[in-house]
2 protein chains.
Amino acid sequence: MKTLKIIKIGGNIIDNDDALQEFLNAFARITGPKILVHGGGKLATRLAQKMKVEVNMIDGRRVTDAGTLDIITMVYAGKINKNVVAQLQANNCNAIGFSGADGNTIVSNKRLVKNIDYGFVGDVKEVNTEILVLLLNNAITPVFCAITHDENGQLLNTNADTIASELAIGLSTVFKTELYYCFEKNGVLEHVEDDDSVIENINTATYKTLVENKVIFEGMLPKLNNCFHAIHHHVQKVCIGKSDMLFNAKNKHTTITK
Amino acid sequence: MKTLKIIKIGGNIIDNDDALQEFLNAFARITGPKILVHGGGKLATRLAQKMKVEVNMIDGRRVTDAGTLDIITMVYAGKINKNVVAQLQANNCNAIGFSGADGNTIVSNKRLVKNIDYGFVGDVKEVNTEILVLLLNNAITPVFCAITHDENGQLLNTNADTIASELAIGLSTVFKTELYYCFEKNGVLEHVEDDDSVIENINTATYKTLVENKVIFEGMLPKLNNCFHAIHHHVQKVCIGKSDMLFNAKNKHTTITK
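Scope of this entry: the structure provided in the associated data block. These numbers were taken from a predicted model, which means no experiment stands behind them.

Cut-offs and rules
Every residue gets a number counted from 1 within its own chain, in the order that chain's sequence is written. Written order decides the labels, with chains lettered from A and ligands numbered from 1. Where totals are concerned, whole chains, interfaces and linings use all residues; where local detail is concerned, this predicted model gives features only for residues with pLDDT of at least 70, and gives and counts side-chain atom pairs only at 80 or more. Around each residue's C-beta, the other C-beta atoms within 10 Å are counted; 20 or more make the residue buried, 12 or fewer make it exposed, and counts in between make it partly exposed. All C-beta atoms are placed from the backbone. Segments assigned H or I by DSSP are reported as helices when at least four residues long, segments assigned E as strands when at least two residues long, and all are numbered from the N terminus. When we speak of the arc, we mean the arc of directions from the helix axis to the C-beta atoms. What counts as a contact here is a pair of residues whose C-beta atoms, placed from the backbone, lie within 7 Å. At least two bridges found by DSSP between two strands is the condition for calling them paired. Superposition of the copies was done by least squares, using only C-alpha atoms of residues whose pLDDT is at least 70 in both. The nonpolar class holds Ala, Val, Leu, Ile, Met, Phe, Trp, Tyr, Cys and Pro. Asp, Glu, Lys and Arg form the charged class, and all remaining residues, Gly among them, are polar. Only C-alpha atoms enter the line fits that serve as axes; for helices the fit covers just the stretch in contact. Angles between N-to-C directions range over 0 to 180 degrees. Each residue after the first adds 1.5 Å to the expected span of a helix. Residues of type Ala, Val, Leu, Ile, Met, Phe, Trp, Tyr and Cys that are buried and joined through C-beta atoms within 7 Å form what is called a nonpolar core.

## Quick word on helix α3 (residues 43–50) of chain B
All names here are of chain B.
Working step 1: Every buried residue of α3 is accounted for by L43, A44, L47 and A48. Down the axis of α3, the sector holding all buried residues measures 135°, keeping them to one side.
Working step 2: Structurally, α3 contributes buried residues whose contacts are with α4 (66–90).
Working step 3: With its phi angle positive at about 60°, K52 sits one or two positions after the end of α3.

## Here we look at the sheet that holds strand β11 (residues 176–182) of chain B
Residues and elements named next belong to chain B.
Working step 1: Strand order in this open sheet of 8 strands is β5-β8-β2-β1-β11-β13-β14-β12, and the pairing throughout is mixed. In this open sheet, the two strands that pair with only one neighbour each are β5 (95–98) and β12 (201–202).
Working step 2: Direction of pairing for strand β1 (residues 3–9) relative to β11: parallel, over a ladder of 6 bridges. Its bridge partner lying in β11, K5 is registered against E178.

## Section: the relation of the copies chain B and chain A
Working step 1: Rotating chain B by 180° and moving it 0.0 Å along the rotation axis overlays it on chain A with an RMSD of 0.0 Å. On this basis, the relationship between the two copies can be described by a two-fold rotation axis.
Working step 2: By residue overlap, the copies meet face to face through one surface: 100% of the interface positions of chain B are interface positions in chain A.

## Details of the interface of chain B and chain A
Reports often express the size of an interface as the amount of accessible area lost when the parts come together.
Working step 1: Residue-level contacts link 35 residues of chain B with 35 residues of chain A.
Working step 2: Contributing elements (two or more residues each) for the side of chain B that touches chain A: α4, β5, α5 (130–136) and β9 (147–149) of chain B.
Working step 3: Tallying contributions element by element places α4 of chain B first for the side of chain B that touches chain A, with 14 residues.
Working step 4: Among the residues forming the side of chain B that touches chain A, the class breakdown is 14 nonpolar, 15 polar and 6 charged.

## A look at the sheet that holds strand β5 (residues 95–98) of chain A
Residue and element names in this part refer to chain A.
Working step 1: Strand order across the open sheet formed by 8 strands is β5-β8-β2-β1-β11-β13-β14-β12, with mixed pairing between neighbours. Taken across any chain shown, the strands that pair with only one partner, and hence form the sheet edges, are β5 and β12 (201–202).
Working step 2: In terms of strand pairing, strand β11 (residues 176–182) meets strand β13 (residues 237–241) through 5 bridges, oriented parallel. Bridging from a neighbouring strand, Y181 pairs with I240 of β13.
Working step 3: On the sheet, helix α4 (residues 66–90) packs against β2 (34–38), β5 and β8 (141–144) and is oriented at approximately 170° with respect to β5.

## What about the environment of K185 of chain A?
All names here are of chain A.
Working step 1: Among the secondary structure elements, K185 is positioned in the loop between β11 and β12.
Working step 2: Here K185 falls in the partly exposed class, since 18 other C-beta atoms lie within 10 Å of it.
Working step 3: Distance in space between the C-alpha atoms of K185 and D195 is 6.4 Å, their sequence separation being 10 residues.
Working step 4: In this structure, K185 is in contact with D195 and K242, ignoring residues within four places of it in sequence.

## Examining the environment of A90 of chain A
Working step 1: Mapped onto the fold, A90 of chain A is located in helix α4.
Working step 2: Taking the number of C-beta atoms within 10 Å as the measure of exposure, A90 of chain A has 19 and is therefore partly exposed.
Working step 3: Distance in space between the C-alpha atoms of A90 of chain A and A28 of chain A is 9.4 Å, their sequence separation being 62 residues.
Working step 4: Ignoring any residue separated from it by four or fewer positions in sequence, one finds A90 of chain A in contact with E151, N152 and G153 of chain B.

## Here we look at helix α8 (residues 220–231) of chain B
All names here are of chain B.
Working step 1: A rise of 1.5 Å per residue sets the reference length of α8, with its 12 residues, at 16 Å; its end C-alpha atoms lie 16 Å apart and thus fit the reference within 8%.
Working step 2: Among the residues of α8, those classed as buried are K223, L224, N226, C227, A230 and I231. For α8, the angular spread of buried residues about the axis comes to 150°, placing them on one side.
Working step 3: Elements in contact with the buried residues of α8: α6 (160–170), β11, α7 (204–212), β13 (237–241) and β14 (254–256).

## Regarding the nonpolar core
Working step 1: Membership of the largest hydrophobic core comes to 156 residues, with the highest contact counts inside it found for V75 of chain A together with V75 of chain B.
Working step 2: Discounting chain neighbours no more than four positions away, the residues touching V75 of chain B are M74 of chain A together with G40, L43, A44, L47 and I80 of chain B.

Take a look at the structure:
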């Protein structure tokens, strides 16, 4: 089995033109099959303000009404995705941009309304890997934005971390998959303010303790749940840290193990 | 050689949700390899107005400054392209959205400034068909928006009619290609106000006469130049008319011959 790297980048790279260009230059030089998954950053919020579409947040999560879905589709699948693809091409990395609708690669269910109606938000139901395998075996690099579809013509806003982990799980039947979550910190931190206090390894048992002791909380919880979901479903390696971890073996980061 | 149909649709379908849905339902049922190319319609202009980006037209052609290119990328490659792909998936047509940057499929040169600076507008330099052939042979339908790139990281606004004809020419080494331009009229008209006055066949000689007699003028000239460029470069069949021509053999339309 060949190794496939699935790398997710977030707002700290997406929102900074220089950081994005530097990352893409380095990403393009990673050898072997690879997939890039990108979040949306602050651009969507800025466009919503310009267009006077109200940004509605509940518990820190964006509510995706029809107007917001349009904006997300324009920014994530249009502006960000196509510019990333064009920059990768300039670095001799033959990329193709994807939403989950493209190639029917990621099918989601619209989230059911319980207490809160999050609108057009999708929870991943299935990943179809046949076309991705075909492209990866032909030296193409898929670049995914955080949009999926329901197979009935509806696009759905979907968490980029989840897209990355589901791709890593889905493709683990064909590749030895490695999942890298890049964000603004060196990893999961013992002390949130101290970027040197990286916890280099977290397993299921130590994770439980870290949550109980409230070392891990808020936004890190869903990220780590995605990590453990992946490592328990045939993903070979899961890491969290600054994107430097990909290019410099000495760079501290957190590795998730069973 | 298998036959490949390349179908271009414009604003009269893109701007009308019902017309678009009806067209995509029918398009999905076309058997054999096919590619859809879509223009942008009026959405980009409307978004530019909402965002207070000035729309600058010279001789009826949009000048593409950086702000306008962003809007075009968001609307064409984002909103329109992804919704078209999702609707095709809902009709069991496995589509993947493309700009010319994706798969490095269409490379353009930024148009040189002579008298007028059209900004980020690209003239097609080359079409790379390898990935498209791979996908077409795996029952995937590429859906192209009217954006290309220069291989140096710059996206470029490119005429959708030209994209369709260049794809038809480029793929003619592998497929017997047929090119269909769908627009709001039944074809090239003898009398511009009379939709029944379709000129059913135009060849190089009669075209010359029609232009001299000013039966063909303005916006029809570049469209027909694309048609003749295609028919003189190994495209087997070139037709202009309402999209009905694709689904009903009796529907009048214009066929271009050498």
